[in-house]
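Structural description and commentary
Residues per chain are reported as follows:
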Amino acid sequence: MATARVVSRPTEKLGDAELVAASSEDPEAFGELFHRHAPRLHAYIKRRLGRTLADDIVAEAFATAFRQRERFDGRSEFAAWLWGIASNLIAKHHRQETRMFRAFARTGVDPAEDGIAELVSDRMTAAAQGPHLAKALAALSSQDRSAILLLAWGQLSYAEIAAILNLPLGTVKAKIHRTRTKLRKALPGENNDG
């Protein structure tokens, strides 16, 4: 019986900054960065703008990062630099995102949903709260929306969000706190006492 041999890529053991540097000699090294970061970035963008735009924006973000890789100085994390590029691309689609949230608020159908069943209780809660949340998200400024969604859907830390949005950490914390308060007040049945 033949056994499958696992072939590891020599770039798997390098850190992100080392891969960026190596890509100037071996452009294929940048592919390892794509393998590491694209799935999480794609999931986040898909949740915000839908599958079609997510595919395009992830591709454009990586293409931009590759073209501008000499600008990456290694002082920040590669992921924060990449997500910053993606956030700038997402900002160009602010109107599209707002239309999606407004459609969700009107219809109760999440346009970014893939149809993959999740837990029934979560789905029922989301179905009940979703339109109200979508309406509240549509009313947020682009930067407030980005901050809260980077936290909630991107599962990024406050420090990562601050780096992506190019804002001081304290500003990001205050912005997210205020945005959470606005969103809580927009949801029916929530205790809005604070």
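An account of the accompanying structure is given in this report.

Reading the values: rules and limits
Per chain, residue numbering runs from 1 following the sequence as it is written. Two thresholds apply to this predicted model, a pLDDT of at least 70 for residue-level local features and 80 or more for giving and counting side-chain atom pairs, whereas whole-chain, interface and lining totals are computed over all residues. As a convention, hydrogens and water are excluded, and side-chain values are obtained from all of the structure's heavy atoms. An axis is simply a line fitted to the C-alpha atoms; with a helix, the fit covers only the stretch in contact. Between two such axes, the angle follows the N-to-C directions and lies from 0 to 180 degrees. Only DSSP runs of H or I reaching four residues or more are called helices, and only runs of E reaching two or more are called strands; each is numbered from the N terminus. Helix crossings are classified by the rotation of the near helix relative to the far one: an anticlockwise turn of less than a right angle makes the crossing left-handed, while a clockwise turn makes it right-handed. Contacts: residue pairs with any heavy atoms within 4.5 Å of one another. Here the nonpolar group is Ala, Val, Leu, Ile, Met, Phe, Trp, Tyr, Cys and Pro; Asp, Glu, Lys and Arg are the charged ones; every other residue, Gly included, is treated as polar. The buried label goes to any residue with under 20% of its type's maximum accessible area, the exposed label to any with over 50%, and the partly exposed label to all in between, with areas taken from a 1.4 Å probe on protein chains only. Pairs of N or O atoms are called polar contacts if they sit within 3.5 Å, as long as, within protein, a hydrogen donor faces a hydrogen acceptor (for residues adjacent in sequence, only side-chain-to-side-chain pairs). Centre distance within 6.5 Å is the pairing criterion for rings of Phe, Tyr and Trp, where only the six-membered ring of Trp is used; planes under 30 degrees apart are then read as stacked, over 60 as edge-to-face, and the remainder as tilted. For a ring to carry a charge above it, either NZ of a lysine or CZ of an arginine must fall within 6 Å of the ring centroid while also lying within 35 degrees of the normal to the ring plane. A pair is scored as a salt bridge if a Lys or Arg side-chain nitrogen falls within 4 Å of a carboxyl oxygen belonging to Asp or Glu. Residues belong to one nonpolar core when they are buried, are Ala, Val, Leu, Ile, Met, Phe, Trp, Tyr or Cys, and are joined through side-chain atoms within 4.5 Å.

**Concerning the packing of helix α2 (residues 30–49) against helix α3 (residues 51–67)**
Look at α2 against α3: their axes get within 8 Å of each other, and the N-to-C directions meet at 145°. Classified by chirality, the crossing of α3 by α2 is right-handed. The segment α2 lies against α3, with F30, L33, F34, H37, A38, L41, H42, I45, K46 and L49 engaging R51, L53, A54, D55, I57, V58, A61, F62, A65 and F66. Here the contact of α2 with α3 is built from residues that sort into 15 nonpolar, 2 polar and 3 charged.

**Considering the side chain of T179**
With respect to the helices and strands, T179 occurs in helix α9 (residues 169–186). The class of T179 is buried, set by a relative accessible area of 1%. Among the polar contacts listed, one links the side chain of T179 to the backbone oxygen of K175, at a separation of 2.8 Å. Excluding its chain neighbours within four sequence positions, the residues that come into contact with T179 are L140, D144 and I148.

**Digging into the packing of aromatic side chains**
Enumeration over the complete set of coordinates arrives at 7 aromatic pairs. Note on F30 and F66: the rings are 5.3 Å apart at their centroids and 75° apart in plane angle, and the pair reads as edge-to-face. Residue F30 is found in helix α2, and its partner F66 is found in helix α3; the two are separated by 36 residues along the sequence. We classify F30 as buried; its relative accessible area is 6%. Where F78 meets W81, the ring centres are 5.8 Å apart and the plane angle is 50°; that geometry is what we call tilted. Taken together, the residues span about one helical turn, with F78 and W81 both in helix α4 (residues 78–91) at a distance of 3 residues. Looking at F78, the relative accessible area reads 1%, which means it is buried. The class of W81 is buried, set by a relative accessible area of 18%. The ring of W153 has R47 sitting right over it, with the charged end atom 4.3 Å from the ring centre. Here R69 stacks its cationic end above the ring of F66, 3.8 Å away from the centre of that ring.

**Topic: the pattern of salt bridges**
One pass over the full model with this rule turns up 4 salt bridges. As a salt-bridge pair, R36 and E32 come within 3.4 Å of each other at their nearest N and O atoms. With R36 and E32 both in helix α2 and 4 residues apart, this pair spans about one turn of that helix. K175 is the partner of D144 in a salt bridge, and the nearest nitrogen-oxygen pair spans 3.0 Å. With D144 in helix α7 (residues 142–152) and K175 in helix α9, this residue pair connects regions lying 31 residues apart in the sequence. K175 carries the same exposure label as D144, and that label is buried.

**Section: the nonpolar core**
Formed by 49 residues in total, the largest nonpolar core has its most connected members in L41, I45, F78, W83, L150 and I161. Broken down by element, the residue count for this core peaks at 10 residues, all from α4. With residues near it in sequence (within four places) discarded, W83 still touches R40, L41, Y44, L150, G154, L156 and I164.

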